[in-house]
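Here's the letter readout for the chains.
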Amino acid sequence: MPAVSLDNVTKIYGGDTVALRDVSFEIPEGEFVVLLGPSGAGKSTMLRVLNGLTQPTEGEVIIDQEPVHDERSEVGMVFQMHYLIESMSAFRNALTGALSRSNFAQSALTMYPEEDKRAALDALDTVGLLDEAGQRAGSMSGGQKQRVGIARALVQQPDLLLADEPVSSLDPKAAKDVMRYMKEAAKERNLTTIASLHQVNIAREFGDRFLGVRDGELIFDGDREDLTMDVVDQIYYGEDGKEQAEDLATTAPDRGEDDE
Ligand SMILES: Nc1ncnc2c1ncn2[C@@H]1O[C@H](COP(=O)(O)OP(=O)(O)O)[C@@H](O)[C@H]1O
Ligand SMILES: [Mg+2]
């Protein structure tokens, strides 16, 4: 039984911007999926329809056999910008992930049950930050902040983890670290994960499966072996852009190895 599926999903903004065009796929529980595509391809829109933040114009999103109609608290999100409260500790930030589950009175008073506190420490442990739990988020490195962001999403006890370019603002080493922790967290909890990434080498290292979007269309769905350099060129440069890609390759030999 697939944990997540998109069924002929089309999303049109403002009557004429087709952000997703008849996209369908099924993702079984626990799979770690990487979403690839140039800017404007529709990656963020795909993640937003999965979270219920955006309604498809046509088609249906199904998570755990139920159609998604509004924002779901069972979906954890990690963004390029970490959105942490910099003056609070890593622990406090991770704890805020429990807010969506706690009742309003508790949230208002920010009194968290013991189990939430345990969940926050457990999640910080998962992302390798248990020793830094008391550290102010504002004093942490970019990679550590993203790991706190992942911990916060884990505290939500999501059944789906979505990450929209979680490592785009990090240097390659920090980016790899963050992806390693995200993957471990997902495997440990059998958490279905979809992460959009621009760094093809990092994508290749961590993805179990790859979805390629271009101009709102799903043009590739396959595993690591299927994701050849030709396929990557097609995703980023299009059918006609291959020559252009080859030209670029001669002037930029590390194309696809680092940030875009
Ligand atoms: N809220 C919005 N209103 C109108 N157009 C949007 C909106 N969000 C995205 N778009 C458009 O939809 C297309 C896909 O955007 P997006 O999903 O953000 O792509 P990506 O995340 O791959 O860069 C782009 O043409 C973008 O300009
Ligand atoms: Mg985007």
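Residues numbered from 1 in each chain as written. Chains lettered and ligands numbered in written order. Predicted model: local features only at pLDDT ≥ 70, side-chain atom pairs only at ≥ 80, totals over all residues. Heavy atoms only, no water.

## Some points on the overall build of the chain
- Helices and strands together make up the secondary structure of the chain, namely 9 helices and 10 strands.
- Buried residues in the chain amount to 50% of all 260 residues.
- Residue pairs in contact within the chain that sit at least 24 positions apart in sequence constitute 68% of those at least 6 positions apart. (Helix = DSSP H or I, 4+ residues; strand = E, 2+ residues; numbered from the N terminus. Buried < 20%, exposed > 50% of the residue type's maximum accessible area, 1.4 Å probe, protein only. Contact = heavy atoms within 4.5 Å.)

## Quick look at the sheet that holds strand β6 (residues 75-79)
- In spatial order, the strands read β6-β7-β8-β3-β9-β10; together these 6 strands make up an open sheet with mixed pairing. Taken across any chain shown, the strands that pair with only one partner, and hence form the sheet edges, are β6 and β10 (217-222). Between one strand and the next, the sheet's axes are offset by a mean angle of 15 degrees, whatever the strand orientation.
- As defined by bridge partners, strand β7 (residues 160-164) adjoins strand β8 (residues 192-196) across 5 bridges and the pair is classed as parallel. Note that in β8 the partner of D164 across the bridge is S196. (Pairing = 2+ DSSP bridges. Axes fitted to C-alpha atoms, helices over the stretch in contact; angles between N-to-C directions.)

## Structural notes on unusual backbone geometry
- Even without being a glycine, D64 presents a positive backbone phi close to 45 degrees.
- Take D64: it is sitting in the loop between β4 (58-63) and β5 (66-67).
- Classification of D64 by relative accessible area gives partly exposed; the value is 36%.
- You will see that D215, though not glycine, has its phi angle at about 50 degrees, which is positive.
- Position of D215 relative to the elements: it lies in the loop between β9 (209-214) and β10.

## Some remarks on the site of ligand 1
- Surrounding ligand 1, one finds Y13, T17, A19, P38, S39, G40, A41, G42, K43, S44, T45 and R48.
- For ligand 1, an oxygen atom lies 2.5 Å from a polar atom in the side chain of T45.
- Protein coverage of the free-state accessible area of ligand 1, which is 560 Å², stands at 60%.
- Ranked by residues supplied to the shell around ligand 1, first place goes to helix α1 (residues 43-51) with 4 residues.
- For the shell around ligand 1, the per-class residue count stands at 4 nonpolar, 6 polar and 2 charged. (Near = heavy atom within 4 Å. Polar contact = N/O pair within 3.5 Å; in protein donor to acceptor, adjacent residues only side chain to side chain. Areas by Shrake-Rupley, 256 points an atom, 1.4 Å probe, with all protein chains shown as cover. Nonpolar A, V, L, I, M, F, W, Y, C, P; charged D, E, K, R; others polar.)

## Notes on helix α6 (residues 172-188)
- In this model, α6 (17 residues) spans 24 Å end to end at C-alpha, consistent with the 24 Å of a helix rising 1.5 Å per residue.
- By the burial criterion, the buried members of α6 are A174, A175, V178, M179, Y181, M182, K183, A185 and A186.
- Structurally, α6 contributes buried residues whose contacts are with β3 (32-36), α4 (114-126), α5 (142-155), β7, β8 and α7 (200-206). (Expected span 1.5 Å × (residues − 1).)

## Focus: the nonpolar core
- In this structure, L36, L124, M179 and L227 are the most contacted members of the largest nonpolar core, which totals 50 residues.
- Where this core is concerned, the elements lending two or more residues are β3, α2 (90-95), α4, α5, β7, α6, α7 and α8 (229-237).
- No other element matches the 7 residues that α6 contributes to this core.
- When near neighbours in sequence (up to four residues on either side) are disregarded, L227 contacts L36, R204, F210, F220, V232 and I235.
- Counting residues in hydrophobic clusters, the runner-up holds 25 residues, among them F25, V33, V68 and L211. (Core = buried A, V, L, I, M, F, W, Y, C linked by side-chain atoms within 4.5 Å.)

## Considerations on the pattern of salt bridges
- The full count for this structure, using the stated rule, is 12 salt bridges.
- One salt bridge connects K176 with E205, and the closest N-O pair in it is separated by 3.2 Å. Linking K176 in helix α6 with E205 in helix α7, this pair joins segments that are 29 residues apart in sequence.
- Residue class for K176 comes out partly exposed when judged on its relative accessible area of 35%.
- Overall, E205 belongs to the partly exposed group, its relative accessible area being 41%.
- The shortest N-O distance in the salt bridge between D221 and R209 comes to 2.8 Å. (Salt bridge = Lys/Arg side-chain N within 4 Å of Asp/Glu carboxyl O.)

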